[in-house]
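# Topology and contacts: notes
As a plain string of letters, each chain reads:
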Amino acid sequence: MKILWNDRIVDRNECRIDPEDRGYQFGDGIYEVISFYNHQLFKLTEHMERLSYSAGEIAMDLPYSTEQIAENLKKLVELSDKADGQIYLQVTRGYAPRNHALPEKADPVLTAYLMHHPRPLDAQKTGVAAVTAEDVRWLRCDIKSLNLLGSILAKQKAVENGASETILHRGGTVTEGSSTNVFMVKNNTIYTHPINNLILNGITRRVVRDLAEKADIPFREEAFTTDDLMAADEVFLSSTIMEIMPVVRVDGQTIGTGRPGKVTKTLVQLFHEFVN
Ligand code: PMP
């Protein structure tokens, strides 16, 4: 396996990370997951902008310009023997003697490599199940931070209940999924939580908004409750890996007809066309 290690592509066993790397000790770092389709990175500029935003919000300078990083990611994709896949990219604050306070000097460490999650085309036809849970994560979910314990524990609840995602809520207000943005459709209008510190500004969420506009489907960035969610005509998720995913059961209860709904199917179809 090849790894982009800072600005060099090396074999995995050549990549060395210090045990006192702050990413390893504190989760002090940021990441992105970027899809590529037919060897082309999808929404690369948007991912680089979000990486830059996350870095700024944790007071970390990226080790290279986003243009340089993007060029190196393209080189990594050229090495892929499969046409479709994803890149996992992370930047940690780097090595410093252990101390919570920010080090005066540390050299951020960038690593990136290819992943090959298959496209979720079959699941998109049937839809998936979700469960709900209180959102106990921190109040800066807009930062794509390596600190993912809240999301990990939430996702585990889904796995233990035979579901694909856990939909999070703060005191009954739906925020997002453990690794997805969440949408509901009521009377042919799409609702999703507004962009603020409580959710990640998903790149796929923006694609959903653009596709909805194209299809003349009203798109409202308004928070809704778990009661609204259960009574919705349709529910769906968006993420780089899940693309647009219909949800047909929540906490064991059927949503709408129990099959992917009209609006969601239209969006999935438009997404496929867009990617192709
Ligand atoms: N919310 C959270 C908490 C996530 O982890 C993700 C996926 N990284 C998303 C939303 C979806 O973001 P994107 O569409 O950029 O993959």
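Structural data are supplied above this passage.
Residues numbered from 1 in each chain as written. Predicted model: local features only at pLDDT ≥ 70, side-chain atom pairs only at ≥ 80, totals over all residues. Heavy atoms only, no water.

### Some thoughts on the environment of Ile255
Going by this rule: Elements are defined by DSSP. Helices are runs of H or I of four residues or more, strands are runs of E of two residues or more, and each kind is numbered from the N terminus. Note on contacts: a residue pair qualifies if any of its non-hydrogen atoms lie within 4.5 Å across the two residues.
Tracing the backbone shows Ile255 in the loop between strand E15 (253-254) and helix H8 (262-275). With residues up to four places along the chain from it excluded, the contact list for Ile255 reads Leu229, Met230, Ala232, Asp233, Glu234, Val235, Val247, Val248, Arg249 and Val250.

### Examining the sheet that holds strand E1 (residues 2-5)
Our working rule: Between any two strands, pairing holds if DSSP finds at least two bridges. A fitted line through C-alpha atoms serves as each axis, taken over the contacting stretch for helices, and the angle formed by two N-to-C directions is quoted from 0 to 180°.
Strand order across the open sheet formed by 6 strands is E2-E1-E6-E5-E3-E4, with antiparallel pairing between neighbours. A strand with exactly one partner marks an edge of an open sheet, and here the two such strands are strand E2 (8-11) and strand E4 (40-41). In terms of strand pairing, E1 meets strand E6 (residues 109-115) through 2 bridges, oriented antiparallel. Residue pairing for E6: Leu4 is matched across the bridge by Ala112. The strands touched by helix H3 (residues 66-78) within the sheet are E1, E2, strand E3 (29-37), E4, strand E5 (85-92) and E6, with E6 carrying the most contacts at an inclination of about 30°.

### Comments concerning the pairing of strand E13 (residues 234-239)
Convention followed: Exposed residues in this analysis have more than 50% of their type's maximum accessible area, buried residues have under 20%, and partly exposed residues fall in between, with area computed by a 1.4 Å probe over protein chains only.
The element E13 is extensively covered by neighbouring structure, given that 6 of its 6 residues are classed as buried. Burial along E13 is two-sided: Glu234, Phe236 and Ser238 facing one way and Val235, Leu237 and Ser239 facing the other are all buried. As paired strands, strand E10 (residues 181-186) and E13 are joined by 5 bridges and run antiparallel to one another. Across the sheet, Phe183 pairs through a bridge with Phe236, a residue of E13.

### Side note on the layout of surface pockets
Stated precisely, the cut-off is as follows: Cavity: a set of points on a 1 Å grid over the protein atoms alone where a 1.4 Å probe fits but cannot get out. Pocket: an open set with protein on both sides within 12 Å along at least five of seven lines, its lining residues, like those of a cavity, having an atom within 4 Å of a point. Grid points are joined across faces, edges and corners, and a volume is the space filled by probe spheres set on the points. Amino acids outside the nonpolar list (Ala, Val, Leu, Ile, Met, Phe, Trp, Tyr, Cys, Pro) and the charged list (Asp, Glu, Lys, Arg) are all regarded as polar, and Gly is one of them. Just so you know, the domain bounds were taken from an automatic or database domain assignment.
The volume enclosed by the largest pocket comes to roughly 1,000 Å³. In terms of lining, the largest pocket is formed by 42 residues, of which the most central are Tyr31, Lys144, Ser178, Ser179 and Thr180. Taken together, the elements giving at least two residues each to the lining of the largest pocket come down to E3, helix H2 (44-57), helix H5 (149-160), strand E9 (173-177), helix H6 (203-214) and E13. By residue number, the principal contributor to the lining of the largest pocket is H5, which donates 5 residues. Residue composition of the lining of the largest pocket, by class: 19 nonpolar, 17 polar and 6 charged. Residue contributions to the lining of the largest pocket reach at least three from each of two domains, namely domain 1 (2-115) and domain 2 (121-275). Around the second largest pocket, the lining is made up of 15 residues, and of these Cys15, Ile17, Gln90, Thr111 and Tyr113 lie nearest the centre.

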